[in-house]
Amino acid sequence: MAEKTYGGSTVSVDADGFMTDSGQWNKEVAEGMAAEVEITLTDRHWVVLDFVRQDAVDQGEPPGVRRITKLTDVSMKEIYQLFPKGPGILASKLAGYGKPQGCV
Amino acid sequence: MTDGNGNDHGMPRKVAIICSKGSLDMAYPGLILANAARMMGIDAMVFFTFWGLDIITEKKVDKLKAGMVGNPSAPLPHMLAGLPGMETFATSMMKKKIQGLDIPDIRELVETLDAAGTDLYACKMAMDMFGLERKDLIPEVKEVIGAMDFFQHAEGAQTFFI
């Protein structure tokens, strides 16, 4: 277990850099994590991240890529454009959660 | 090589999956692996050969059957597996289970792979053997290639033979 600082916020992260306490998340953290993978967050990224955060609360776990594309207006093609280095992990990670459990 | 986490595992950022089977149960493993790779930001290509061509053949992709006959893992006595209607029954049971878990059907999974930027290739030799032409394949297939081309495209990749 380690800590990382993004701007003015310090959060606990696991060995892979995923937050261990989603309650510590804020937009500054998301922007800092996004910068690490060369992403500048746009409104379209926020559609995904806002959905992930809401769905993680509702379902008790973060959604996989397929669920995100089914329940938002972000298509499969677009989500790969938004998170080219891996939407499966980055959507959850940048929203302050761990990896989703599913395979789709 | 770094993954989508920005972590360096020393793994290649590319996978090459060979799908050689056409039963419903054996179509999923290769496609799910390719999709998981893409979700992690790993480049992926799939090479469909022999019975795997059924997965990308327009007339076959929606009709793959669960392989029970001659399958030592099949949950029913061998003598029953080949009886009329058993294959259809086993297939529909398997499909219900898959749908119930909200796993996409094969056609949708291949479309997902394509939308996710996976390169999908058909094996030239197998196409010739089965008398197939490009027009018989689903539109998501990138190219019909031979085994040597496969090795060229798969350079540096982790290869999986399904």
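Since the structure is predicted, the reported quantities are computational estimates derived from the model, not experimental observations.

**Student:** An account of the overall build of chain B is requested, with residue identities and associated values reported.
**Tutor:** Per the secondary structure count, chain B includes seven helices and five strands. Along chain B, from the amino end to the carboxyl end, the secondary structure elements read β-α-β-α-α-α-α-β-α-β-α-β. Compactness check: chain B gives a C-alpha radius of gyration of 17 Å against a globular reference of 15 Å for 162 residues, within 12% of the reference. Of the contacts formed within chain B by residues at least 6 apart in sequence, a portion of 71% connects residues at least 24 apart. Per element, the accessible surface of chain B, about 8,500 Å² overall, is 61% carbon and sulfur. Distance between charge centroids for chain B: 5 Å, based on 16 positive and 21 negative side chains.

**Student:** How would you sum up unusual backbone geometry? Please name residues and give values.
**Tutor:** Residue and element names in this part refer to chain B. The phi angle at Phe50 is positive, at roughly 45°, despite the residue not being glycine. Residue placement: Phe50 occurs in the loop between β2 (43–48) and α2 (53–56). The class for Phe50 is partly exposed, based on a relative accessible area of 31%.

**Student:** Now, about the packing of helix α2 (residues 43–59) of chain A against helix α5 (residues 87–94) of chain A: what can you tell me, with residues and values included?
**Tutor:** Residue and element names in this part refer to chain A. Between α2 and α5, whose axes approach to 8 Å, the crossing angle comes to 70°. By the angle class used here, α2 and α5 are roughly perpendicular. Residues Val48, Leu49 and Val52 of α2 touch α5, and the partners they reach there are Ala91, Ser92 and Leu94. When the residues that make up the contact of α2 with α5 are grouped by side-chain class, the tally is five nonpolar, one polar and no charged.

**Student:** Help me get a handle on the sheet that holds strand β3 (residues 119–123) of chain B, residues and values and all.
**Tutor:** All names here are of chain B. If you trace the five strands from one edge of the open sheet to the other, you get β4-β3-β2-β1-β5, paired in parallel fashion. Looking at which strands have only one partner, the edges of the open sheet turn out to be β4 (143–145) and β5 (158–161). Neighbour-to-neighbour, the strand axes of the sheet open up by a mean angle of 25°, direction not taken into account. As paired elements, β2 and β3 share four bridges and run parallel to each other. Opposite Val46, over in β3, you have Leu120 as the bridge partner. Against the sheet, helix α1 (residues 24–39) touches β1 (14–19), β2 and β5, its axis set at about 160° to β2.

**Student:** Describe in detail the packing of aromatic side chains, supporting the description with residues and values.
**Tutor:** Using the criterion set out here, one finds five aromatic pairs over all chains in the structure. Both rings, one in Phe47(B) and one in Phe150(B), keep their centres 5.1 Å apart while their planes meet at 35°; by these two values the pair is tilted. Of this pair, Phe47(B) sits in strand β2 while Phe150(B) sits in helix α7 (residues 147–153), and the two are 103 residues apart along the sequence. Each member of the pair, Phe47(B) as well as Phe150(B), is classed as buried. A network of ring pairs unites the aromatic residues Phe47(B), Phe150(B) and Phe151(B) as a single cluster. We note Lys27(A) situated over the ring of Trp46(A); from NZ or CZ to the ring centre the distance is 4.6 Å. In this structure, Lys93(A) packs its charged tip against the face of Phe18(A), placed 5.4 Å from the ring centre.

**Student:** Explain the interface of chain B and chain A to me, and be specific about the residues and the numbers.
**Tutor:** The interface of chain B with chain A comprises 17 residues on the first partner and 20 residues on the second. Carbon and sulfur atoms make up 55% of the surface buried where chain B meets chain A, a total of about 1,600 Å² over both sides. Summed over the shared surface of chain B and chain A, the result is three salt bridges. A salt bridge links Asp102(B) to Arg66(A); the nearest nitrogen and oxygen atoms lie 3.1 Å apart. On inspection of chain B and its partner chain A, the count reaches six residue pairs in polar contact (both at pLDDT 80 or more). Counting residues per element, the ones that place at least two in the side of chain B that touches chain A are α1 and α5 (106–115) of chain B. Here the side of chain B that touches chain A gets four residues from one element, more than from any other, and that element is α1(B). Considering only residue class, the side of chain B that touches chain A consists of seven nonpolar, six polar and four charged.

Conventions and cut-offs
Residues numbered from 1 in each chain as written. Chains lettered and ligands numbered in written order. Predicted model: local features only at pLDDT ≥ 70, side-chain atom pairs only at ≥ 80, totals over all residues. Heavy atoms only, no water. Helix = DSSP H or I, 4+ residues; strand = E, 2+ residues; numbered from the N terminus. Rg over C-alpha atoms; globule rule 2.2 N^0.38 Å. Contact = heavy atoms within 4.5 Å. Areas by Shrake-Rupley, 256 points an atom, 1.4 Å probe, with all protein chains shown as cover. Lys, Arg positive; Asp, Glu negative; His and termini not counted. Charge placed at Lys NZ, Arg CZ, Asp CG, Glu CD. Buried < 20%, exposed > 50% of the residue type's maximum accessible area, 1.4 Å probe, protein only. Axes fitted to C-alpha atoms, helices over the stretch in contact; angles between N-to-C directions. Parallel < 35°, antiparallel > 145°, perpendicular 65-115°, else oblique. Nonpolar A, V, L, I, M, F, W, Y, C, P; charged D, E, K, R; others polar. Pairing = 2+ DSSP bridges. Phe/Tyr/Trp six-rings, centres within 6.5 Å; stacked < 30°, edge-to-face > 60°. Lys NZ or Arg CZ within 6 Å of the ring centre and 35° of its normal. Buried area = accessible area lost by both parts, 1.4 Å probe. Salt bridge = Lys/Arg side-chain N within 4 Å of Asp/Glu carboxyl O. Polar contact = N/O pair within 3.5 Å; in protein donor to acceptor, adjacent residues only side chain to side chain.

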